[in-house]
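# Fold and contact review
The chain contents come next:
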Amino acid sequence: MDPIIRVENVSKIFGRYISRARVTSLRDIDFTVKKGERICLFGPNGAGKSTLMKSIMGLLKLTKGEIYIKDYNVNWNPLKVKQNIGYLPSDLNFYLDVPCKESIFHYGLLRGLSRKEAKQETERLLELVGLSKWWDLPPKLMSSGMRQRFSLSLAIIGDPEIILFDEPISFIDVQGKLKVYQLVHDYVKDSAKTVIMSTHNIQDALVMSDRLILMDRGRIIVDGPITEVITKRCKSMEIILSQDAPSMKDIIKAIGDEEFELSGRKILVRSKDALQISTTIVNKLQENKISVFSFRPFVEQRRNELVEKEEENS
Amino acid sequence: MSNDSRNPQIKKFFSRIFTLIFERNPLLEIRETSEIIRYEFKRIILTLKFFIALSFVLLPAIIFLNSIASDYEALLLDFGIDAFRNFSAAGFVNIGQFLLQMIGIMLTLDSFGKAADDSMKRYFALPIRKTNIYIAHSITVFLGTILTGLLGIIVFNLILWIWTGISLTFLLIIKSFFLISAGAFLAISITTLFVIIANYFGFASSIAIVPTLFLFYIIPFLVNFITQFAFGLPEAYEWTFMYQLAVATDFMIEPFIGLQLSLEQVANRNAWLIIGMFSGFSQVLALFIFARSEK
């Protein structure tokens, strides 16, 4: 089967022209996605997940490389590309004062539906996300979970083939999460939609996807079936902090008595659930405003370093 | 050799231009743009209803106060109720213009400001051209300003008619509207440019109001004050937008307030050129930056 998305050797540097402080957000990213695949981009904050999502969406100009959606180049045929993609951004950027029906109807028309179709879709989607009672009410009166579901309805109107969820459940409680999980799951399972989701929560990744791409500092570190990645390729994980953090030990102790190795700014997690535990650590560190410099499988990292050294030498 | 390597680049360039222009039916572009205008306009009424309602009261109230000012010797402007008796629009041009400029600036900040800039990410994710998004938002701002101005003048006329028995003629209403809109459109264009530059560099869009305020109000005031009282150089005031606006709109005022008697027609034409070129240049540059921006 031909891939529906091709990401070819993509790099993105921010601040190239207007600032001296350049930030390389993506480095030589290369992968393909087949129709119907559910992929999770996984990694800590700053790994490059959102930048990659935006690049696939055609919202950013690539520094290097090309991205194709159904053979359309995202920077050359942006309208054709966007016609095929529904995008749920990480921040809820819709107008809070406008009634729900107005916003969904509006996005339906802009996705090319006729007025009649847009109206029918508005009714169907509000029903689907369990917000039919909110027909005439503005989202400013909703809870954060409801807003997330409303945002989902805006992303999937027009029935796009590819759906990008940028941390779709980042703001909501457990119950709200379950509802959104269920919604996305039900929506995706029958229609063979291609889904790319980004998260820094391994539980979300396990429920929502069947392939995991682990990212760190703008690179793809691991790419494979999710169970294989978790059980075989991420047996030991290495976390490197950006600066010394004395409170790091206390945070790790509070998480449990798993096998950790601490040395300076490095934390090495060796366990059969290494990925899950290290993700919890990273999330806790970031909650405590401790910046994570790198988060990657230990063995894999060594292998990559060796390959890089070999390339440099050659 | 160099030609061989350049040809694919040139082909690519023209193919891209062709795609950009002819990718879709122009009617579809118009449908999209008008749909954004419809939605954004409704949103403005929903979100800014208090401000708009207030401006319907404030605009006529200020205009009316201004028009009767001469009766109380509190001269806000040179012309008061006498001017209206002569069917003149002079009495409320300046203050009305100032208020409509404020409304225009406020609507610009609402449409292109930080909050709107965030919301525009959704538009950017939809299959719509950036140009259409920009044009639709600009038209919404202009429409909002025009409607507020027109309604303000009509309400003012109603008050004037009830109070004094004098009513503006239809032609005078149109002229009045045109006069107060000229400055507002210039202010909108320049503010849009500053807001988009601020967004492009990640600054808060509220900063963008500062250069507009300086260009329109603070600099003319300082220049007028310093040159007239400190150095005796009144000509320097001619370099301000407010002066150019006065010159540009002066010819429409009946009876003439006198400025054009001392000016040649070329000055009036130049004033229109300055206003037109600044507005046009600001809009084109703002559109260019907007289209280049990444969300």
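Residues numbered from 1 in each chain as written. Chains lettered and ligands numbered in written order. Predicted model: local features only at pLDDT ≥ 70, side-chain atom pairs only at ≥ 80, totals over all residues.

What follows covers the overall build of chain A. Secondary structure summary: chain A contains 11 helices and 14 strands in total. A buried classification covers 42% of the 314 residues belonging to chain A. (Helix = DSSP H or I, 4+ residues; strand = E, 2+ residues; numbered from the N terminus. Buried ≥ 20, exposed ≤ 12 C-beta atoms within 10 Å, placed from the backbone.)

Of regular secondary structure, chain B possesses 11 helices and zero strands. The linear arrangement of helices and strands in chain B, starting from the amino end, is α-α-α-α-α-α-α-α-α-α-α. Considering only contacts in chain B between residues 6 or more positions apart, those separated by 24 or more positions represent 71%. (Contact = placed C-beta atoms within 7 Å.)

Take the sheet that holds strand β1 (residues 3-14) of chain A next. Residue and element names in this part refer to chain A. The four strands lie next to each other as β2-β1-β4-β5, forming an open sheet whose pairing is antiparallel. Of all the strands in the sheet, just β2 (23-34) and β5 (72-73) have a single pairing partner and so form its edges. Of the strand pairs in this sheet, β1 and β2 are connected by eight bridges, and their pairing is antiparallel. Bridge pairing links P3 to K34 in β2. (Pairing = 2+ DSSP bridges.)

Below, the discussion takes up the confidence of the model for chain B. Residues and elements named next belong to chain B. The pLDDT averaged across chain B works out to 73; a share of 62% of its residues lies at or above 70. Taken together, the stretch residues 69-92 has pLDDT below 50 and engages in 55 contacts with residues farther than four places along the chain or on a different chain. Both scores are given for the predicted complex: the pTM is 0.78, the ipTM 0.76. (pLDDT = per-residue confidence, 0-100.)

Residue-level contacts link 22 residues of chain B with 23 residues of chain A. Those elements giving two or more residues to the side of chain B that touches chain A turn out to be α1 (2-22), α2 (26-47) and α6 (114-125) of chain B. Of all the elements, α2(B) adds the most residues to the side of chain B that touches chain A, at seven residues.

With that settled, consider the pairing of strand β13 (residues 266-270) of chain A. Residues and elements named next belong to chain A. Residues I267 and V269 line the buried face of β13, whereas the alternating positions K266, L268 and R270 sit on a face that is not buried. Both strand β11 (residues 236-241) and β13 contribute to a ladder of five bridges, which runs antiparallel. In the strand pairing of β13, E238 is matched with L268. With five bridges joining them, strand β12 (residues 259-263) and β13 adopt antiparallel strand pairing. Across the sheet, L262 pairs through a bridge with I267, a residue of β13.

Another point: the domain arrangement of chain A. Residue and element names in this part refer to chain A. When cut into domains, chain A gives domain 1 (3-220) and domain 2 (235-313). On the domain 2 side, the residues contacting the eight residues of domain 1 number 10 residues. Its residues placed into classes, the side of domain 1 that touches domain 2 shows two nonpolar, four polar and two charged. (Domains from an automatic or database assignment. Nonpolar A, V, L, I, M, F, W, Y, C, P; charged D, E, K, R; others polar.)

Here we take up unusual backbone geometry. Residues and elements named next belong to chain A. One non-glycine residue, D28, lies in the positive phi region at around 45°. Here D28 is to be found in strand β2. For D71, which is not a glycine, the phi torsion comes out positive at approximately 70°. As for its placement among the helices and strands, D71 is situated in the loop between β4 (64-69) and β5.

A few words now on the sheet that holds β13(A). All names here are of chain A. Taken in spatial order, the four strands make up an open sheet running β12-β13-β11-β14, and their pairing is antiparallel. Edge positions in the sheet fall to β12 and β14 (292-297), since each has one partner strand and no second. On average, each strand axis in the sheet is tilted by 15° relative to the strand beside it, whichever way the strands run. Across the sheet, helix α10 (residues 274-287) is in contact with β11, β13 and β14; its angle to β11 comes to roughly 15°. (Axes fitted to C-alpha atoms, helices over the stretch in contact; angles between N-to-C directions.)

Attention now moves to helix α8 (residues 226-233) of chain A. Residue and element names in this part refer to chain A. Those residues of α8 that sit buried are I226, V229 and I230. One side of α8 carries all its buried residues, which in axial view fall inside an arc of 90°. More than 90 degrees from the buried face of α8, the exposed residues found are T227 and K232. Looking at the buried residues of α8, the elements they touch are β3 (38-42), α7 (202-208), β9 (211-216), β10 (219-225) and α10. (Arc of directions from axis to C-beta.)

So, about the confidence of the model for chain A. Should pLDDT be low for a region, the predicted coordinates there are not to be read in detail. Of all residues in chain A, 89% have pLDDT values of 70 or greater, and the mean over the chain is 81. Per-residue pLDDT, averaged within each element of chain A, yields its smallest value for helix α11 (residues 298-313) of chain A (58) and its largest for β4(A) (92).

Ranked by internal contacts, the top residues of the largest apolar core, which has 123 residues, are C40(A), I56(A), L164(A), I196(A) and I213(A). By residue number, the principal contributor to this core is helix α8 (residues 170-200) of chain B, which donates 14 residues. Structurally, this core is a two-domain feature, drawing no fewer than three residues from each of domain 1 (3-220) and domain 2 (235-313) of chain A. Apart from residues no more than four positions distant in its own chain, I196(A) is found in contact with V33(A), I39(A), L41(A), M53(A), I56(A) and L164(A). (Core = buried A, V, L, I, M, F, W, Y, C linked by C-beta atoms within 7 Å.)

Turning next to the pairing of β12(A). When you tally the buried positions in β12(A), you get zero out of five residues, a small fraction of the element. As consecutive antiparallel partners, β12(A) and β13(A) are separated by two residues, and within that stretch G264(A) has a phi angle of approximately 60°, a positive value.

Residue and element names in this part refer to chain A. Looking at where V188 falls in the secondary structure, it is placed in helix α6 (residues 174-191). Overall, the presence of 18 C-beta atoms within 10 Å leaves V188 in the partly exposed class. Here the alpha-carbon distance between V188 and T24, two residues 164 residues apart in the chain, equals 33 Å. Those residues in contact with V188 that lie beyond four places of it in its chain are R38, K193 and V195.

Residues and elements named next belong to chain A. Two elements in contact, helix α3 (residues 100-110) and helix α5 (residues 144-156), have axes whose closest approach is 9 Å; the angle formed by their N-to-C orientations is 25°. Of the possible angle classes, the one that applies to α3 and α5 is roughly parallel. You can see that α3 and α5 cross each other, and the crossing is right-handed. Between α3 and α5, the contacting residues are C100, S103, I104 and Y107 on the first element and F150, S153 and L154 on the second. Looking at the contact of α3 with α5, its residues break down into five nonpolar, two polar and no charged. (Parallel < 35°, antiparallel > 145°, perpendicular 65-115°, else oblique. Left-handed = near helix turned anticlockwise from the far one by under 90°.)

A pair of packed helices is captured by two measures, namely the crossing angle of their axes and the spacing between those axes. Residues and elements named next belong to chain A. Contact pair helix α9 (residues 248-255) / α10: the axes reach a minimum separation of 10 Å and the direction vectors enclose 135°. Comparing the axis directions of α9 and α10 gives the class oblique. Remark: the crossing between α9 and α10 carries right-handed chirality. Facing α9, whose interface residues are I251, I252 and I255, α10 presents T280, I281, K284 and L285. Among the residues making up the contact of α9 with α10, the classes are represented as five nonpolar, one polar and one charged.

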